[in-house]
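Remarks on the overall topology
Residues per chain are reported as follows:
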Amino acid sequence: MNYQFTSNLQQAQQLDQEDPLAKIRDHFYIQPGQIYMDGNSLGLASKEAETALLKMMNIWKTQGINMWDEYFHYGLELGAQCATLINARANEVLITGSTTSNVHQCISTLYQPTAERYKILVDDLNFPTDRYAIDSEIRLRGYNPEEAVKVIPSPDGKYIDEDAVIAGMSDDVALILLPTVLYRSAQVLDMERLTKAAHERGIIIGWDLCHAIGAITMDFQKIQPDFAIWCTYKYLAAGPGSIAGMYLNQKHFDKQPGLAGWWGNRDDTQFQLKQNFEHQKDVSGWQIGTPSMLSMAPLEGTLKLINSIGMEAIRTKSLKITAYLMYLIDEKLTQYGCKVGNPREDSKRGGHVCLEHPQGYQISLALKDRNVIPDFREPDVIRLAPIALYTSYEEVYQMVDILEDILKTKSYEKYSAKRGLVV
Ligand SMILES: *Cc1c(COP(=O)(O)O)cnc(C)c1O
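Residues numbered from 1 in each chain as written. Predicted model: local features only at pLDDT ≥ 70, side-chain atom pairs only at ≥ 80, totals over all residues. Heavy atoms only, no water.

Turning next to the UniProt feature "binding site: pyridoxal 5'-phosphate" (unreviewed entry) in the protein. Taking the numbering used here, the UniProt-annotated feature "binding site: pyridoxal 5'-phosphate" (unreviewed entry) corresponds to Thr 99, Thr 100, Phe 127, Pro 128, Thr 129, Asp 130, Asp 208, His 211, Tyr 233, Trp 262 and Thr 290. A maximum C-alpha distance of 30.8 Å shows the annotated residues, which cover 192 residues in sequence, to be distributed over more than one spot. Residue contacts for Asp 208: discarding those within four places in its chain leaves Thr 99, Asn 126, Asp 130, Leu 177, Leu 178, Pro 179, Thr 180 and Ile 229. Residue Trp 262 is classed as partly exposed on the basis of its relative accessible area, which comes to 37%. With residues up to four places along the chain from it excluded, the contact list for Trp 262 reads Gln 270, Phe 271, Leu 273, Ile 288, Gly 289 and Thr 290. (UniProt positions renumbered as here; feature names shortened; annotations may be inferred. Contact = heavy atoms within 4.5 Å. Buried < 20%, exposed > 50% of the residue type's maximum accessible area, 1.4 Å probe, protein only.)

Written as structure tokens, this is what we have:
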């Protein structure tokens, strides 16, 4: 979309006044004086999340074991509220486990290698935990990851080439796992095209939505992937280590869960505690053990808030505020050696902007000292995520102003380039 931006403060304030989501900011705990640009790593706490957590605490306090009467299906109920974000069917989405454990669950269920078809296809830019999980699943089946994992290399270390991925879908590939939005460059992959290409070749395909859910719109009823997994602490702002999400296409409900546990047993016989396992024939059959209720509750709060707004409105603001940030970078910061390192087209970029600079790490430290919270990803990317729910245009303006000062005065030079524990 074409916006008419200018680089003055009045326009930033005007954009805030016209922003239909401006008031949502009041639902979040924003630290006075701080500009938070890291909501794509850990979303800020909302009042809704807090209320939902305290409510769950109170239910435990007052009901003890009786709480399960009401909350037995909580993972599936929260899943249904999450399903609306990706337009999936309610019984295909479950809140359970962590992203990584859900990769294991989906791969161990759907990876059914044969002598001819045994490879798993991946890219080389995805967040590495997905790869670690895939390599270990391959080893568990007696294959060597060096041979059985088919890696489609990025041509430039930044973006995934979709044509190369499709060209790599050979007859020996059994399963594919790809990110929907790349965690570093914010590239959005065409899920529909790639899923269709995989299915035409008889390949199972799944998606990692960690940087996509809550940031971009997706239509799972149209795309019909086999599985997807995601975390809920980034754009969904459900708290540090909050319980993750998993989508399993209903066509797989008859398959045996790869990692079985008693919470996946059929509802009507679960408490008969028999020695033989029969799974529930919806996604809740893929639960393993007792759900972590206190780590799930905040998600109920944020999903309520997000569903009251709708993903269309969230994506519209996200596209506009990231376009505004890119505009200001182009106008004010390129002269100091900064570059926008994410795709510029609306359909190709996710919810964050990549600011590239050879001294990116030191600049990110200088930003923190000025009370701006960015995050840094090797080798030179400062990720800046203006979050549709709580970031204002004026904050984006102020942040670029601070960056300009840091770059102009080279104040970043006094910081060591030696990396910390959590960069
Ligand atoms: C954040 C992220 C994860 C995190 O996995 P956890 O199991 O929640 O620690 C996994 N994959 C991607 C693509 C991510 O961005």
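Still to come is the rest of the account.
This part takes up the side chain of Lys 317. Tracing the sequence through the fold places Lys 317 in helix α13 (residues 311-333). For Lys 317, the residues in contact, after removing those within four places along its chain, are Asp 19, Leu 21, Ile 387, Ala 388, Thr 391 and Tyr 393. (Helix = DSSP H or I, 4+ residues; strand = E, 2+ residues; numbered from the N terminus.)

Overall, antiparallel pairing links the four strands, which are arranged β9-β10-β13-β12 in an open sheet. Of all the strands in the sheet, just β9 (339-340) and β12 (375-377) have a single pairing partner and so form its edges. Note that strand β10 (residues 353-356) and strand β13 (residues 381-384) share four bridges and pair antiparallel. Bridged to Leu 355 within β13 is Ile 382. The sheet contacts of helix α14 (residues 360-369) involve β12 and β13, and relative to β13 the element is tilted by about 40 degrees. (Pairing = 2+ DSSP bridges. Axes fitted to C-alpha atoms, helices over the stretch in contact; angles between N-to-C directions.)

Let's shift gears to the domain arrangement of the protein. Parsing the protein into structural domains produces domain 1 (9-30 + 311-414) and domain 2 (50-308). On a C-alpha basis, the centres of domain 1 and domain 2 stand 30 Å from each other. Contacts between the two partners involve 28 residues from domain 1, matched on the other side by 24 residues from domain 2. Taken together, both faces of the contact between domain 1 and domain 2 bury some 2000 Å²; the carbon and sulfur share is 61%. Applying the counting criterion to the domain 1 and domain 2 interface returns two salt bridges. Lys 348 is paired through a salt bridge with Glu 162; the nearest N and O atoms lie 3.3 Å apart. When contributions to the side of domain 1 that touches domain 2 are tallied by element, the ones reaching two or more residues are α13, β10 and β13. Taken together, the residues of the side of domain 1 that touches domain 2 sort by class into twelve nonpolar, eight polar and eight charged. (Domains from an automatic or database assignment. Buried area = accessible area lost by both parts, 1.4 Å probe. Salt bridge = Lys/Arg side-chain N within 4 Å of Asp/Glu carboxyl O. Nonpolar A, V, L, I, M, F, W, Y, C, P; charged D, E, K, R; others polar.)

Within soluble globular proteins, side chains that are nonpolar generally end up buried alongside one another. Counting 71 residues, the largest nonpolar core has Leu 209 and Trp 230 as the members making the most contacts within it. Split by domain, this core shows at least three residues from each of two domains, domain 1 (9-30 + 311-414) and domain 2 (50-308). Excluding residues within four positions of it along the chain, Trp 230 makes contact with Cys 82, Ile 86, Val 93, Thr 99, Leu 209, Cys 210, Ile 213, Leu 236, Ala 244, Gly 245, Met 246 and Tyr 247. Of all hydrophobic cores here, the second largest spans 36 residues; its members include Met 326, Cys 338, Tyr 361 and Leu 384. (Core = buried A, V, L, I, M, F, W, Y, C linked by side-chain atoms within 4.5 Å.)

Moving on: the packing of α14 against helix α15 (residues 393-409). Pairs of packed helices are described in terms of their axes, by the angle between the two and the distance that separates them. As a packed pair, α14 and α15 sit with axes 10 Å apart at the nearest point and diverge in direction by 125 degrees. As judged from the angle between their axes, α14 and α15 are oblique. As for how α14 packs across α15, the hand of that crossing is right-handed. Contacts from Ile 363, Ala 366 and Leu 367 of α14 reach α15 at Ile 402, Leu 403, Ile 406 and Leu 407. Of the residues that constitute the contact of α14 with α15, the class distribution is seven nonpolar, no polar and no charged. (Parallel < 35°, antiparallel > 145°, perpendicular 65-115°, else oblique. Left-handed = near helix turned anticlockwise from the far one by under 90°.)

Along an α-helix, residues three or four positions apart point the same way, because every turn accommodates 3.6 residues. Helix length check: helix α2 (residues 47-63) (17 residues) gives 24 Å between terminal C-alpha atoms against 24 Å at 1.5 Å per residue, within 8%. Turning to α2, its buried residues are Glu 48, Ala 49, Ala 52, Met 56 and Ile 59. Buried residues along α2 cover an arc of 105 degrees about the axis, so they all sit on one side. Counted as exposed and oriented over 90 degrees from the buried face of α2: Thr 51, Leu 54, Lys 61 and Thr 62. The elements touched by buried residues of α2 are α3 (67-71), α4 (74-86) and α12 (293-309). Just downstream of α2 lies Gly 64, where phi reads positive at about 55 degrees. (Expected span 1.5 Å × (residues − 1). Arc of directions from axis to C-beta.)

Moving on, we get to the sheet that holds strand β3 (residues 119-123). Pairing in this open sheet of seven strands is mixed, and the strands run β2-β8-β7-β6-β5-β3-β4 from one edge to the other. The strands lining the two open edges of the sheet, one partner per strand, are β2 (93-95) and β4 (149-152). Across the sheet, the mean angle from the axis of one strand to that of its neighbour is 20 degrees, orientation sign disregarded. Against the sheet, helix α6 (residues 128-140) makes contact with β3, β4, β5 (173-179), β6 (204-208) and β7 (227-230), and its axis sits at roughly 150 degrees relative to β4, the strand it touches most. Contacts between helix α9 (residues 191-200) and the sheet are confined to β5 and β6, with β6 contributing the most and set at about 155 degrees to the helix.

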